[in-house]
Amino acid sequence: MELNFTVSLDENEQNLLKQIFDCNNDALIAKLEKISKASTIEYLKMILGQKVFTRGQDIKEYRLYLLIRYLFNGIIPDEQVITTLFQTTNSESRSLLKSVLAKYQYELKESINDTINLILQNDIQHDEEKDIYYVSNIALNIVDEMNKTLSSIDGSLNQINKRRSSLQTFDITPSAYEALCAYCGISQEGE
């Protein structure tokens with residue numbers, strides 16, 4: 001079923017949305033179409049009696065799940081993005097994401113793996129002097145998911161740890177990095 005509709009936003013609202021999403025007008029329209037799809041699905045599931053919630057928190061969790069699927073194309077957003085969209089604090093966003101990853105763990109398994117894969121390919125840095133890999137500014141819950149993956153691969157691997165005296169940098173030992181890359185089917189430099 002194809003749905004088409006018009007939404008009226010004044011210029012200030014449009015500019016604010018472009019600023020929030022850090023995009024131009026064409027990209028904003030594409031993002032709003034994805035959000036519209038997620039919200040329409042949310043309402044249809046409610047009306048059909050398939051997703052009827054009695055708690056506001058459950059609604060927010062389902063809403064974030066749908067945004068992950070449609071707005072973020074299956075990639076798990078970080079807490080700051082959730083904070084911006086849901087008007088919550090970072091700790092509330094972290095808790096919301098943790099709940100969503102637990103409640104929808106089977107539905108989001110592919111998204112979690114895709115997010116880890118994306119991080120491994122684009123965000124990991126190597127400190128050759130210290131022979132340690134590291135990543136900054138990713139969702140703490142994704143670090144937890146990466147540690148769960150490491151545990152399932154080999155329980156003797158070192159977990160990913162927050163770097164001492166940093167706000168959001170995480171150190172990854174070479175053996176843990178290699179195990180994650182092998183798990184995700186990513187060939188490493190020099191191979």
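What counts and how
Residues numbered from 1 in each chain as written. Predicted model: local features only at pLDDT ≥ 70, side-chain atom pairs only at ≥ 80, totals over all residues. Heavy atoms only, no water. Helix = DSSP H or I, 4+ residues; strand = E, 2+ residues; numbered from the N terminus. Buried < 20%, exposed > 50% of the residue type's maximum accessible area, 1.4 Å probe, protein only. Contact = heavy atoms within 4.5 Å. Areas by Shrake-Rupley, 256 points an atom, 1.4 Å probe, with all protein chains shown as cover. Lys, Arg positive; Asp, Glu negative; His and termini not counted. Charge placed at Lys NZ, Arg CZ, Asp CG, Glu CD. Salt bridge = Lys/Arg side-chain N within 4 Å of Asp/Glu carboxyl O. Pairing = 2+ DSSP bridges. Axes fitted to C-alpha atoms, helices over the stretch in contact; angles between N-to-C directions. Parallel < 35°, antiparallel > 145°, perpendicular 65-115°, else oblique. Nonpolar A, V, L, I, M, F, W, Y, C, P; charged D, E, K, R; others polar. Left-handed = near helix turned anticlockwise from the far one by under 90°.

**Q** Explanation requested: the overall build of the protein chain in the structure shown.
**A** A count of helices and strands for the protein chain gives eight helices and four strands. Secondary structure elements in the protein chain, listed N-terminal to C-terminal, are α-α-α-α-α-α-β-β-α-β-β-α. With the principal axes as the frame, the protein chain shows a C-alpha extent of 55 × 35 × 35 Å. Across the 191 residues in the protein chain, those meeting the buried criterion constitute 37%. Once local pairs closer than 6 in sequence are excluded, the contacts in the protein chain between residues at least 24 apart make up 56%. Just so you have it, the protein chain exposes about 12100 Å², and 46% of that area is on carbon and sulfur atoms. Charge separation in the protein chain, taken as the distance between the mean sites of 19 positive and 28 negative side-chain charges, equals 8 Å.

**Q** Looking at this structure, I do not really get the pattern of salt bridges. What am I missing?
**A** Proximity of charged atoms lets side chains of opposite charge pair with each other. Per the counting criterion, the structure on display carries six salt bridges. Across the pair Lys148 and Glu145 runs a salt bridge, and its minimum N-O distance is 3.3 Å. With a gap of three residues between them, Lys148 and Glu145 both fall in helix H7 (residues 140–153), about one helical turn apart. Residue Arg163 pairs with Asp171 through a salt bridge whose shortest N-O separation is 2.7 Å. Connected through salt bridges with shared partners, the residues Arg55, Asp58, Glu61 and Lys103 form a single ionic network.

**Q** Sorry, what's going on with unusual backbone geometry here?
**A** Glycine aside, a negative phi is what most residues show, and trans is what most peptide bonds show. Phi is positive for Asn73, which is not a glycine, with a value near 50 degrees. The topology assignment puts Asn73 in the loop between helix H3 (56–70) and helix H4 (79–86). Judged by relative accessible area, which is 52%, Asn73 ranks as exposed. At Ser165, a position not held by glycine, the phi torsion is positive, near 65 degrees.

**Q** I tried to follow the side chain of Asn147 on my own but got confused; where do I start?
**A** Position of Asn147 among the secondary structure elements: in helix H7. In this structure, Asn147 is in contact with Gln159 and Ile160, ignoring residues within four places of it in sequence.

**Q** Would you take a moment to explain the pairing of strand S4 (residues 169–172) for this structure?
**A** Side chains on a regular strand alternate between the two faces of the sheet. Burial along S4 is two-sided: the residues Thr169 and Asp171 and Phe170 and Ile172 are all buried. Direction of pairing for strand S2 (residues 132–136) relative to S4: antiparallel, over a ladder of four bridges. Each bridged residue has a counterpart across the sheet, and for Ser136 the counterpart in S4 is Thr169. Across two bridges, the pairing between strand S3 (residues 161–162) and S4 is antiparallel. If you follow Lys162 over to S4, its bridge partner there is Phe170. Taking the residues that link successive antiparallel strands as the turn, the S3-S4 hairpin has six residues, and the phi of Ser165 there is positive, at about 65 degrees.

**Q** What am I meant to see in the packing of helix H6 (residues 109–122) against H7 here?
**A** The axes of two packed helices give the description: the angle between them and the distance between them. Running from N to C, H6 and H7 point in directions that differ by 95 degrees, and their axes come no closer than 10 Å. In terms of orientation, H6 lies roughly perpendicular with respect to H7. Of the residues in H7, those in contact with Ile112, Thr115, Ile116, Ile119 and Leu120 of H6 are Ile142, Glu145, Met146 and Thr149. A breakdown of the residues in the contact of H6 with H7 according to their chemical character gives six nonpolar, two polar and one charged.

**Q** Explanation requested: the packing of H6 against helix H8 (residues 174–184) in the structure shown.
**A** Where H6 contacts H8, the two axes come as close as 10 Å, and the packing angle between them is 125 degrees. Classified by the angle between their axes, H6 and H8 sit oblique to one another. Handedness of the H6/H8 crossing: left-handed. Side by side, H6 and H8 meet where Lys109, Asn113, Ile116, Asn117 and Leu120 of the first sit next to Tyr177, Leu180, Cys181, Tyr183 and Cys184 of the second. Looking at the contact of H6 with H8, its residues break down into seven nonpolar, two polar and one charged.

The analysis is restricted to geometry; functional conclusions fall outside its scope.
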